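# Notes for the structure review
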Amino acid sequence: MAVYTGLIIKAVGGVYTVEASDGIYDCKARGVFRKMGISPKCGDNVEFSCDKGGVCIIERVMTRKNELIRPPLANLDLLLFVVSVCEPAPNFLLLDKFIAIAEFKSIEPAVVVTKTDKGDFSQIVSVYQRAGIPVFAADNSTGQGSAEVRDFISGKLCAFTGNTGVGKSSLLNNMFPQLNLSTNEISAKLGRGKHTTRHVELFKTDSGGYIADTPGFSTLETNKYDIIFKDRLAGCFREFAPYDGECRFPNCSHTSEKGCAVIKAVRSGNITTSRHESYVAMYEEAKLLKEWEHRK
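Residues numbered from 1 in each chain as written. Predicted model: local features only at pLDDT ≥ 70, side-chain atom pairs only at ≥ 80, totals over all residues. Heavy atoms only, no water.

### Quick look at the overall build of the chain
Selection criterion: By definition, any uninterrupted DSSP run of H or I lasting at least four residues is a helix, any uninterrupted run of E lasting at least two residues is a strand, and each is numbered from the N terminus. When a residue's accessible area, from a 1.4 Å probe over protein chains only, is under 20% of the maximum for its type it is buried; when over 50% it is exposed; and in between it is partly exposed. Contacts were defined at the residue level, with two residues in contact if any of their heavy atoms lie within 4.5 Å.
On a plain count of helices and strands, the chain comes out with eight helices and 13 strands. Residues counted as buried form 48% of the 296 residues belonging to the chain. Across the chain, every contact between residues at least 6 apart in sequence was considered, and the portion connecting residues at least 24 apart equals 65%.

Encoded structure:
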């Protein structure tokens, strides 16, 4: 029985498409994985075997450097959040929640603003540039800005995600026309797009990296994607880092305390108000979580 190693590039209905050095293989996972709590994901490096009849089985999932629950991805270098100027309008709290998840997982976040031909996008750019997060602006109708994003992700394993209808597939088509991903117009009645992506799939780029187009998300419940407890949350806002240890109280929550260096930085304009407001909202939610209830 031959044994190979490869990368999972697609997962649909329990069938895992694995890219190996000598070709593409469709594999099933070992039945014992379920009992062991192992669920292979796109981005996983795996070891698999193939018998003489061509039946291939994933035997081992290599150690991951990171993983996401939703979208189900592993070993990401970059996570790019696509937001549109309008139709749908940006939701800063939702965006900040998912950026926090990326930071928590040690995945480099970036923001891509689309539909820049339809309104002013300077505020979005300013907020995240000041937070130290890479920001790109793209006009999907002309393709302007897509080359900069393509250069940024070169050679990386990355995912593009964002609310349904923001133009993820259009952005990817402008960067890599050969993908020819399905796109739909925004529904004027609903003010949001139809789901055009049904599963997670990695696409290999001509620069040697991989990109994932993923189903859109719309929930505000961060704990459906991952759980960040209150004592870890401040570390997920990179602009808070320069003020670590400078607060009057060592257990400062950075929400309302006197002598808080983070709040002082917000008042002086060094930290944007919207980012701090998102942090406070997330902290209030995290206070309701009981860590012992979520231990496996």
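### Concerning the side chain of Glu19
Mapped onto the secondary structure, Glu19 falls in strand β2 (residues 15-20). If sequence neighbours within four positions are ignored, Glu19 has contacts with Gly6, Leu7, Ile9, Ile24, Lys204 and Tyr210.

### Considerations on the pattern of salt bridges
Stated precisely, the cut-off is as follows: Salt bridges are identified by distance alone: a Lys or Arg side-chain nitrogen within 4 Å of an Asp or Glu carboxyl oxygen.
Within the structure shown, the criterion is met by 14 salt bridges. Here Lys65 and Asp77 are joined by a salt bridge, their closest N and O atoms 2.5 Å apart. Separated by twelve residues along the polypeptide, Lys65 in the loop between β5 (56-61) and β6 (67-68) and Asp77 in the loop between β7 (73-74) and β8 (78-84) bring together distant segments of the chain. With a closest N to O distance of 2.6 Å, Arg238 and Glu103 form a salt bridge.

### Things to note about the layout of surface pockets
Quick note on the threshold: Put plainly, a pocket is an open set of points on a 1 Å grid over the protein atoms alone with protein on both sides within 12 Å along at least five of seven lines, a cavity is a set where a 1.4 Å probe fits but cannot get out, and a lining residue has an atom within 4 Å of a point. Grid points are joined across faces, edges and corners, and a volume is the space filled by probe spheres set on the points. Under the convention adopted here, Pro, Cys and the residues Ala, Val, Leu, Ile, Met, Phe, Trp and Tyr are nonpolar, Asp, Glu, Lys and Arg are charged, and Gly plus all remaining residues are polar.
By volume, the second largest pocket amounts to about 370 Å³. What lines the second largest pocket is a set of 21 residues, and nearest its centre among them are Ala234, Asp244, Pro250, Cys252 and His254. Only α6 (230-233) and α8 (273-286) provide two or more residues apiece to the lining of the second largest pocket. Considered class by class, the residues forming the lining of the second largest pocket number twelve nonpolar, five polar and four charged.

### What about the nonpolar core?
Note the threshold: The criterion is simple. A nonpolar core is a set of buried Ala, Val, Leu, Ile, Met, Phe, Trp, Tyr and Cys residues joined through side-chain atoms within 4.5 Å.
If you look at the biggest cluster of nonpolar residues, it comprises 64 residues, and the most contacted ones within it are Phe48, Ile58, Val111, Tyr128 and Leu202. If one sorts the elements of this core by residue count, helix α2 (residues 92-104) sits on top with seven residues. With residues near it in sequence (within four places) discarded, Tyr128 still touches Phe92, Leu95, Asp96, Ile99, Val111, Ile133, Val135 and Arg275. In terms of nonpolar packing, the next biggest core, distinct from the first, is built from 19 residues, Leu78, Val82, Val149 and Phe160 among them.

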